[in-house]
2 protein chains.
Amino acid sequence: MSNPRRPPIVGRFMQEEVALASRNSGMPLEALRYDVTPAGLHYLLVHFDIPAADPGWKLSIGGQVSNSRALSVDEVKALPQKTLRVTLECAGNGRGQMSPRYPSMPWLEEGVSTAEWTGTPLAALLAAAKVDPGAKEIIFRGTDRGIDRGVDHDYARSLSVAEAMRPDVLVVHSMNGQPLLPQHGAPLRLVVPGWYGMASVKWLARIEATDVPFDGVQQVGSYHFRTQAGEAGVPCTYIRVNSLMAPPGIPDFFTRRRIVAPGRVNLTGRAWSGDGVPINRVEVSIDGQWRDAKLDPVAGPWAWRGWSCEWEAVPGEVVLACRATDAKGNVQPDEPVPDVTGFGNNSIHRVAVTVTGEVG
Amino acid sequence: MSNPRRPPIVGRFMQEEVALASRNSGMPLEALRYDVTPAGLHYLLVHFDIPAADPGWKLSIGGQVSNSRALSVDEVKALPQKTLRVTLECAGNGRGQMSPRYPSMPWLEEGVSTAEWTGTPLAALLAAAKVDPGAKEIIFRGTDRGIDRGVDHDYARSLSVAEAMRPDVLVVHSMNGQPLLPQHGAPLRLVVPGWYGMASVKWLARIEATDVPFDGVQQVGSYHFRTQAGEAGVPCTYIRVNSLMAPPGIPDFFTRRRIVAPGRVNLTGRAWSGDGVPINRVEVSIDGQWRDAKLDPVAGPWAWRGWSCEWEAVPGEVVLACRATDAKGNVQPDEPVPDVTGFGNNSIHRVAVTVTGEVG
């Protein structure tokens, strides 16, 4: 099952990739201007179909626990609440820029966003359920169902008990102060700060403690870094250090090439890293010459950090780029780290710009 | 300018098309279950960048009027209000299924949605501005700016004075009971019921009466039906009769092929037509055998109409399809009507399904 069934391709995109891109919305990069991504602009990856609402929704907690339970949404909301600003990124972000490329959701760079999530710490739910001391993992099951790698399943992922007990892992019912939208996991979802988005299971219906490593399709068949097809690989976990630039000037409709008037331009963007350590450096390159950007204040351990850099634009063709470094010294690579199924591409973001006096 | 500068292509998709599909979100077809499309699931076509909010936003009304004005958003909200349920569809919906294909936003079928729009009738604003009797058109200018067909411009469209004075053309500030989201045109936009989406100018900043036919890029360079490159063509106006089926069963992640268990299946979907006349027939085809679907009540002159059809699924491979007819006798064609730039594809929606006892 670890062997991808879709051979890599080069060049133009398959209709299946376009269908996935049309269903799964990215965050347009001008939305990097918002500290918190507005409703409907947060990126979205829905593996199967968005489930229909169920007014009698229950979240069951069972498996290796001594106090199994089934809570209504109101019962979850009545527990102690916490609101966290969290940047989520799809593990496949940047896949569409890799060559050869694994045929899947062809994110170019827009599979990242930040929201304010409100819910109850998972740790409190697990404590109330009294997880057996021998349990090793907690499994999270959504109600979104489909076929992947030939297997019919409800989307499900697991975390180690230690990860699941982290105080910032939340069972969430609200996003940006509003009830979860259907496409973001209503009525309840998991949010695992710092991890790539696949861990934050939407439409969360069942939580199960187990002492057997979870072998679900989305746990062992997908979401691994692999340099060669068939190898076991390394699980995708924390988001790699990354950054993006809000494209300056105005776009050409089709090519999205940026057109900028000469003069002073305030380049801005965001940088993030999933290890819970701050971004402590962002550099901006103007045609290969790197300089340090100014960093905005840190907005909590899990949210992206704003940056800005003034640039005196002179007429001509120029390539801009940005590169972040986190407090552990992780820095973005120049080129994608090869990966068979296109995960974890955090290579530096480049923006081609035409500076011309013909726009004012 | 009427000659498209991007030659048609066949087969796989360009990265530029994928970039447009990633920015511009479609409505996932399972969202056909909602009478009114929830926030963030309404399809979106943003030609250039989503403009940043401007707290001092004014809507100016000028040109050939005797009482030119500039209204704040609050002043617009203080005028008589109307809420309408309106189905909008992108004129380019279905372009990605055509062959050869014009390189642009490669909608497959998901560029359609329905919202409840609240605002003030444009006719009242025009009456207060006292449009000169000699004026022929009303121009609507947004603040979204970019380059298309080599021309730097703010997005703008016009309507004849007669169309603009229709009582259901609204200057809108709310969508589904909430203030407009940034990406849907905040703080003010036009909604022209019955017309393809390009007429409903977002981020509306200026309304101008004129006695000269408007020759803006988006009016004369784009949004025309043309059977051959270079011809003047026929302007896109009212939405052609169309329908979609909510794909039954569960999907395969990559191919989106549908897998259905044997037994009774309630097929459902929506049908619409922009002429303000009701849909009065929807047919469903099971492997080429057509039968009449049951129609839901009409939900006003501008909203799609639900339909359903029971199907006894037996194991095997089957192609489902749906086809709508409106009260004027317009019916969807079997195949796309050829169009150089891929507008107005209302050919029947087909869904390939595997019926198997292996899913329960």
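Residues numbered from 1 in each chain as written. Chains lettered and ligands numbered in written order. Predicted model: local features only at pLDDT ≥ 70, side-chain atom pairs only at ≥ 80, totals over all residues. Heavy atoms only, no water.

1. What to know about helix H1 (residues 15-23) of chain A
Working step 1: Counted residue by residue, H1(A) has seven buried out of nine residues, so it is predominantly covered.
Working step 2: Against the buried residues of H1(A) lie helix H1 (15-23) of chain B. (Buried < 20%, exposed > 50% of the residue type's maximum accessible area, 1.4 Å probe, protein only. Helix = DSSP H or I, 4+ residues; strand = E, 2+ residues; numbered from the N terminus. Contact = heavy atoms within 4.5 Å.)

2. Digging into unusual backbone geometry
Excluding glycine, residues mostly carry a negative phi; peptide bonds, for their part, are mostly trans.
All names here are of chain A.
Working step 1: With an omega dihedral of -5°, the bond running from serine 99 to proline 100 counts as a cis peptide bond.
Working step 2: For the bond running from alanine 186 to proline 187, omega is 5°, close enough to zero to count as cis.
Working step 3: Note that proline 187 resides in the loop between strand E8 (178-179) and strand E9 (189-191).
Working step 4: Despite not being glycine, arginine 256 has its phi angle at roughly 60°, a positive value.
Working step 5: With respect to the secondary-structure elements, arginine 256 resides in the loop between strand E14 (250-251) and strand E15 (258-260).

3. So, the relation of the copies chain A and chain B
Working step 1: Take chain A, turn it by 180°, move it 0.0 Å along the axis, and it overlays chain B with an RMSD of 0.0 Å. What we have between these two chains is a two-fold relation. Among all residues of chain A, the minimum C-alpha distance to the rotation axis is found for A:Gly40, at 1.8 Å.
Working step 2: Most of the interface of chain A is mirrored in chain B, where 100% of its interface residues are also at the interface. (Least-squares fit on C-alpha atoms with pLDDT ≥ 70 in both.)

4. Re the confidence of the model for chain A
Working step 1: Per-residue confidence for chain A averages 96 on the pLDDT scale, and 99% of its residues sit at or above 70.
Working step 2: Confidence metrics for the complex model read pTM 0.97 and ipTM 0.96. (pLDDT = per-residue confidence, 0-100.)

5. Quick word on the domain arrangement of chain A
All names here are of chain A.
Working step 1: Looking at chain A, the domain boundaries give domain 1 (15-235) and domain 2 (242-355).
Working step 2: A C-alpha centroid distance of 27 Å is found between domain 1 and domain 2.
Working step 3: Contacts between the two partners involve 38 residues from domain 1 and, on the opposite side, 23 residues from domain 2.
Working step 4: When domain 1 packs against domain 2, close to 2600 Å² is buried across both sides, 59% of that on carbon and sulfur atoms.
Working step 5: Taken together, the connections running from domain 1 to domain 2 amount to one salt bridge.
Working step 6: Taking the shortest distance from any N to any O, the salt bridge between aspartate 35 and arginine 270 comes out at 3.0 Å.
Working step 7: The tally of links between domain 1 and domain 2 comes to 16 residue pairs in polar contact (both at pLDDT 80 or more).
Working step 8: Mapped by element, the contributors of at least two residues to the side of domain 1 that touches domain 2 are strand E3 (82-89), strand E4 (112-121) and strand E11 (224-225).
Working step 9: Within the side of domain 1 that touches domain 2, the residues separate by chemical class into 14 nonpolar, 13 polar and 11 charged. (Domains from an automatic or database assignment. Buried area = accessible area lost by both parts, 1.4 Å probe. Salt bridge = Lys/Arg side-chain N within 4 Å of Asp/Glu carboxyl O. Polar contact = N/O pair within 3.5 Å; in protein donor to acceptor, adjacent residues only side chain to side chain. Nonpolar A, V, L, I, M, F, W, Y, C, P; charged D, E, K, R; others polar.)

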